Amino acid sequence: MLGDFMLGPAIPSFLEAYPDVSLDLSLRDHLIDPIAEGVDVVVRMAELRESELVSKRLGGVRLVVAGAPSYFARRGRPREVVDLEKHACIGYLSGGTAMPWRFGGRTGPVSVTSVGRLHVNCGQTLRQAARAGLGLIQVFEYFVAEDLRSGALELVLCDHEPEPRPIYALYPHHKHAVPKVRVFLDFLASVFRSGPAGDGKVAGPAGVAGGAGKQDGRSGPGSRGRSSARGRSSRVRTA
């Protein structure tokens, strides 16, 4: 979903800005070995663990709770995490089990089991159910950014959000000086600086936020937090 909602809309602008660069974009739900697969850049949404890959932090994404105005008109708005016991919480299924909802804020990290009549393993169905007023959902902000702008969904429990999930670009050390990789990293930095409410325009060359390190990481189930790019004279492969 990260690639679908944040990278995808910005790709035309990148290709227009760099006509000599071609792009192979692969969206996956599992970790890969970029060196073995010949991938230039991997984008992952996760805390990192040690590896031989160089990492650059691109930004972070909020994990939010949202519902439709029609739902709030019937059921009211939760003010505290404990209020969710009285609400319909539409869970995301992973491995046949609904993923817990995660919160932070004043009381520190908290996990809550989602309780409701509907659990699904499809992000789009989750979003559609919330828009229809069937209950609340907890998703990454970029996934419902359009609905939040239009008013189809509204946020609650903002004071109880967990720490934003970090997003990193990872690449083999020997790729650092390759021009196609450098411009793609600049592109990624501009995309994630603009955030889910951005217009998806490439801001042009810019420094990538965060320091370099030899790390790797894992995303949470169902997040599709990995995308990869490969590279004719300049073809970038990203996963």
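Quick note: structure is the one above.
Trainee: So what about the overall build of the protein chain? Which residues, and what values?
Mentor: Within the protein chain one finds 6 helices and 15 strands. Expressed as a percentage of its 239 residues, the buried residues of the protein chain come to 51%. Working note: accessible area of the protein chain is about 11300 Å², and carbon and sulfur atoms make up 50% of it.

Trainee: An account of the nonpolar core is requested, with residue identities and associated values reported.
Mentor: With 42 residues, the main nonpolar core has Phe187, Leu188 and Phe192 as its most contacted residues. When residues of this core are traced back to their parent elements, those giving at least two are α1 (2-17), β2 (41-45), β3 (48-61), β4 (63-67), α4 (123-131), β10 (137-140), β12 (165-172) and α6 (179-194). For this core, the leading source of residues is α6, giving 8 residues. With near-sequence residues (within four places) excluded, Leu188 lies in contact with Leu7, Val41, Val43, Leu58 and Ala169. Formed by 12 residues, the second largest nonpolar core is a distinct cluster that contains Val81, Leu84, Val156 and Leu157.

Trainee: Give a description of the sheet that holds strand β6 (residues 97-98) that names residues and reports values.
Mentor: Reading across the sheet, the 3 strands line up as β6-β5-β9 and stay open at both edges, with mixed pairing between neighbours. Unpaired on one side and paired on the other, β6 and β9 (119-120) mark the two borders of the sheet. The pairing of strand β5 (residues 91-94) with β9 spans 2 bridges and is parallel. Across the sheet, residue Tyr92 finds its bridge partner in β9, namely Val120.

Trainee: Tell me about the packing of aromatic side chains, residues and numbers included.
Mentor: If you walk through the whole model with that rule in mind, you get 6 aromatic pairs. Geometrically, the ring pair formed by Phe14 and Tyr18 is tilted, given 5.3 Å between the ring centres and 45° between the ring planes. Look at Phe14 and you get buried, because its relative accessible area is 0%. The buried category is assigned to Tyr18, whose relative accessible area is 17%. Plain terms: the ring middles of Phe14 and Phe187 are 4.7 Å apart, the flat faces sit at 40° to each other, and that makes the pair tilted. Of this pair, Phe14 sits in helix α1 while Phe187 is found in helix α6, placing the two residues 173 residues apart along the sequence.

Trainee: How would you sum up the sheet that holds β4? Please name residues and give values.
Mentor: Overall, antiparallel pairing links the 3 strands, which are arranged β10-β4-β11 in an open sheet. Both outer strands of the open sheet, β10 and β11 (154-156), are each paired with one neighbouring strand and no more. Neighbouring strand axes in the sheet, compared pairwise and without regard to direction, differ in orientation by 50° on average. Of the strand pairs in this sheet, β4 and β11 are connected by 3 bridges, and their pairing is antiparallel. Counterpart to Gly67 in the pairing with β11 is Glu154.

Cut-offs applied
Residues numbered from 1 in each chain as written. Predicted model: local features only at pLDDT ≥ 70, side-chain atom pairs only at ≥ 80, totals over all residues. Heavy atoms only, no water. Helix = DSSP H or I, 4+ residues; strand = E, 2+ residues; numbered from the N terminus. Buried < 20%, exposed > 50% of the residue type's maximum accessible area, 1.4 Å probe, protein only. Areas by Shrake-Rupley, 256 points an atom, 1.4 Å probe, with all protein chains shown as cover. Core = buried A, V, L, I, M, F, W, Y, C linked by side-chain atoms within 4.5 Å. Contact = heavy atoms within 4.5 Å. Pairing = 2+ DSSP bridges. Phe/Tyr/Trp six-rings, centres within 6.5 Å; stacked < 30°, edge-to-face > 60°. Axes fitted to C-alpha atoms, helices over the stretch in contact; angles between N-to-C directions.

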